[in-house]
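Descriptive structure summary
In case you want the letters, here they are:
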Number of protein chains: 2
Amino acid sequence: MEYYAAPIAKLIGEFEKLPGIGHKTAQRLAFHMLTLPEEKALEFAGAIVDAKRNIHFCPRCFNLTDLDLCPICSGYQRDQTVLCVVEEPRDILAMERTHEFKGLYHVLHGVISPQEQVGPDDIKIRELITRLSDAEVREVILATNPDIEGEATAIYLARLIKPFGIRTTRLAHGIPVGGNLEYADEITLAKSIEGRREL
Amino acid sequence: MEYYAAPIAKLIGEFEKLPGIGHKTAQRLAFHMLTLPEEKALEFAGAIVDAKRNIHFCPRCFNLTDLDLCPICSGYQRDQTVLCVVEEPRDILAMERTHEFKGLYHVLHGVISPQEQVGPDDIKIRELITRLSDAEVREVILATNPDIEGEATAIYLARLIKPFGIRTTRLAHGIPVGGNLEYADEITLAKSIEGRREL
């Protein structure tokens, strides 16, 4: 028997597709949405549409932005000679919260992972190399996550970057190994920037 | 400093308003939404709009439905003489999963709670009494949650219903006291229907 009206079942299904949201939570969220005043629910839906329509990659660093160039790339106070390579846009926020890093970023949008069939050409590596040939970069900090794929990607990148004569560093293992950059606390992450080591 | 573009910050904020979603989870969900193909994200937004536009209360039992009368109220196989009173529409699903109950429902949309300033007139009690005077109801099962407000509401309702000469029962305490109807497993909930007691 169908317990729910189709639009409710559909909404529960949509919530269930989100990462980390199970069936019970999806139900709760869908019913919460249905009890909201209409304008609040439409505001939520509108925020999704807005974000999808107005957010694109920064053409330089591939951060998400609604501007031509993201605020970090266009910030005149940022050190143009240091580049921090991260896996995802949300890692930039983690780095920025430390107030330790004043350079620019490069977002890979993934890591090399043979298991997931992600090769070097599937992430923004070619774009990184192009940036390095054009710009006056003196150091590249490889801030991929300290897990297997992140380490492998860092080693791969280090080999590509070395020929440019650019200093290549890796965040110090202040971050718990096997962990996730996004969940590191500010102090640990700050320490890992201080203690970064040559690769 | 603003780390996120306004549409991203707005989307994170909207996710954060959902019950049980903290800031980190809201960030993850928002970024997940941004990495989805556009049509998938718009489908999600559309499901919210659709549900809000097409779902309304069943005029008889106040379940959520997209039809004139909800499928349970219009189901000719349902026992019209037994009424199960629940707090929320999602409680109907929990009851239906037991396959033990063949009667009709009445959704209160809340419980009496002096602390939250919810009085008898703020929930669908008047509508319940109207239904009882009109219809051929022989039994009312009070299936509000077994917490303080739920118990108090059940006792309040029992007093109102008694003068009609209708049998008034309460779910047996197979459900853990202080718990929540929604999270009860089918067998426990089925047992609590079997063992319901006179109030």
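Residues numbered from 1 in each chain as written. Chains lettered and ligands numbered in written order. Predicted model: local features only at pLDDT ≥ 70, side-chain atom pairs only at ≥ 80, totals over all residues. Heavy atoms only, no water.

On to helix H3 (residues 38–54) of chain A, then. For an α-helix, the turn length of 3.6 residues means that residues three or four places apart are oriented alike. The terminal C-alpha atoms of H3(A) lie 24 Å apart, and with 17 residues this matches the ideal 24 Å at 1.5 Å per residue to within 8%. Looking only at H3(A), the buried set comprises Ala41(A), Phe44(A), Ala45(A), Ala47(A), Ile48(A), Val49(A), Ala51(A) and Lys52(A). Structurally, H3(A) contributes buried residues whose contacts are with helix H2 (23–35) of chain A together with helix H1 (6–16), helix H2 (23–35) and helix H3 (38–54) of chain B. (Helix = DSSP H or I, 4+ residues; strand = E, 2+ residues; numbered from the N terminus. Expected span 1.5 Å × (residues − 1). Buried < 20%, exposed > 50% of the residue type's maximum accessible area, 1.4 Å probe, protein only. Contact = heavy atoms within 4.5 Å.)

Listed as interface residues are 54 residues of chain B and, on the opposing side, 55 residues of chain A. Of the roughly 5400 Å² buried between chain B and chain A, counting both surfaces, carbon and sulfur atoms make up 68%. Considering only the surface of chain B that becomes buried against chain A, Tyr3(B), Arg28(B) and Lys52(B) emerge as the three largest contributors, covering 14% of it. Of the charged contacts in the structure, one is a salt bridge between Lys10(A) and Glu43(B), with a shortest N-O distance of 2.6 Å. (Buried area = accessible area lost by both parts, 1.4 Å probe. Salt bridge = Lys/Arg side-chain N within 4 Å of Asp/Glu carboxyl O.)

The next subject is the domain arrangement of chain A. A common way to express how large an interface is: the accessible area buried when the components associate. When its domains are assigned, chain A resolves into domain 1 (6–54) and domain 2 (64–198). On a C-alpha basis, the centroid separation for the pair domain 1 of chain A and domain 2 of chain A is 33 Å. (Domains from an automatic or database assignment.)

Note on placement: Thr168(B) falls in strand E6 (residues 167–170). Looking at Thr168(B), its side chain comes within polar contact range of the main-chain oxygen of Ile166(B), at 3.2 Å. (Polar contact = N/O pair within 3.5 Å; in protein donor to acceptor, adjacent residues only side chain to side chain.)

Mapping chain B onto chain A is achieved by rotating through 180 degrees and translating by 0.0 Å along the same axis, at an RMSD of 0.0 Å. Within this description, the copies of the chain are treated as partners about a two-fold rotation axis. Taking C-alpha positions as reference, the residue of chain B nearest the rotation axis is Ala45(B), located at 2.2 Å. When you check the interface residues of chain B against chain A, 100% turn up at the interface there too, and the contact is symmetric in its surfaces. (Least-squares fit on C-alpha atoms with pLDDT ≥ 70 in both.)

Here we come to helix H4 (residues 89–97) of chain B. Residue and element names in this part refer to chain B. For H4, the tally of buried residues reaches eight of nine residues, placing the bulk of the element in the interior. Every buried residue of H4 is accounted for by Pro89, Arg90, Asp91, Ile92, Leu93, Ala94, Met95 and Glu96. Just beyond H4, the residue with positive phi is His99, at close to 55 degrees.

Time to look at the packing of helix H1 (residues 6–16) of chain A against H2(A). Residues and elements named next belong to chain A. Taken N-terminus to C-terminus, the directions of H1 and H2 make an angle of 125 degrees; their axes are 8 Å apart at the nearest point. Classified by the angle between their axes, H1 and H2 sit oblique to one another. In the packing of H1 onto H2, the handedness of the crossing is right-handed. Between H1 and H2, the contacting residues are Ile8, Leu11, Ile12, Phe15 and Glu16 on the first element and His23, Ala26, Gln27, Leu29, Ala30, Phe31, Met33 and Leu34 on the second. (Axes fitted to C-alpha atoms, helices over the stretch in contact; angles between N-to-C directions. Parallel < 35°, antiparallel > 145°, perpendicular 65-115°, else oblique. Left-handed = near helix turned anticlockwise from the far one by under 90°.)

One finds Ile8(A), Phe15(A), Ile48(A), Ile8(B), Phe15(B) and Ile48(B) to be the most contacted residues of the largest nonpolar core, which totals 47 residues. At the level of secondary structure, the elements contributing two or more residues to this core comprise H1, H2 and H3 of chain A together with H1, H2 and H3 of chain B. Beyond its immediate sequence surroundings of up to four residues, Phe15(B) is in contact with Leu18(A), Phe44(A), Ile21(B), Ala26(B), Leu29(B), Ala30(B) and Met33(B). (Core = buried A, V, L, I, M, F, W, Y, C linked by side-chain atoms within 4.5 Å.)

Bringing the pattern of salt bridges into the picture now. A complete count under the given rule lists 14 salt bridges over all chains for this structure. Between Lys17(A) and Glu14(A) there is a salt bridge, with the nearest N and O atoms lying 3.0 Å from each other. One salt bridge in this structure joins Arg78(B) and Glu96(B), with 2.9 Å as the shortest N-O distance. Here the residue Arg78(B) occupies a position in the loop between strand E2 (64–65) and strand E3 (82–86), and Glu96(B) occupies one in helix H4, the gap between them amounting to 18 residues.

With that settled, the discussion passes to the pairing of E3(B). All names here are of chain B. Counting buried positions along E3 yields five of five residues, so the element is predominantly enclosed. Where E3 lies against strand E5 (residues 139–142), four bridges are found, and the strand directions are parallel. What sits directly across from Cys84, in E5, is Ile141. Here four bridges tie E3 to strand E4 (residues 104–107), and the two strands are oriented parallel to one another. Considered in E4, the bridge of Leu83 is made with Leu104. (Pairing = 2+ DSSP bridges.)

Right, let's get into the packing of H1(A) against H3(B). Between H1(A) and H3(B), whose axes approach to 9 Å, the crossing angle comes to 145 degrees. The two elements H1(A) and H3(B) meet at a crossing, and its hand is left-handed. Contacts between H1(A) and H3(B) involve Pro7(A), Lys10(A), Leu11(A), Glu14(A) and Phe15(A) from the first element and Lys40(B), Glu43(B), Phe44(B), Ala47(B), Ile48(B), Ala51(B) and Asn54(B) from the second. Split by residue class, the contact of H1(A) with H3(B) holds seven nonpolar, one polar and four charged. (Nonpolar A, V, L, I, M, F, W, Y, C, P; charged D, E, K, R; others polar.)

Take the pairing of strand E3 (residues 82–86) of chain A next. Both faces of E3(A) are covered, namely the face carrying Val82(A), Cys84(A) and Val86(A) and the face carrying Leu83(A) and Val85(A). In terms of handedness, the path from E3(A) via helix H4 (residues 89–97) of chain A over to strand E4 (residues 104–107) of chain A forms a crossover that is right-handed. (Right-handed = clockwise from strand over helix to strand, strands pointing away.)

Right, let's talk about the side chain of His106(A) for a bit. Residues and elements named next belong to chain A. One can find His106 in strand E4. On the basis of relative accessible area, His106 is assigned to the buried category, the value being 0%. Setting aside residues no more than four positions away along its own chain, His106 makes contact with Arg60, Cys61, Phe62, Cys84, Val85, Val86, Lys124, Glu127, Leu128 and Arg131.

Let's shift gears to the state of the cysteines. Residue and element names in this part refer to chain A. In total, this model carries zero disulfides over all chains according to the counting rule given. Lacking any disulfide linkage, Cys58 is separated from the closest cysteine sulfur, that of Cys73, by 3.8 Å. What makes Cys58 buried here is its relative accessible area of 0%. (Disulfide = S-S within 2.5 Å.)

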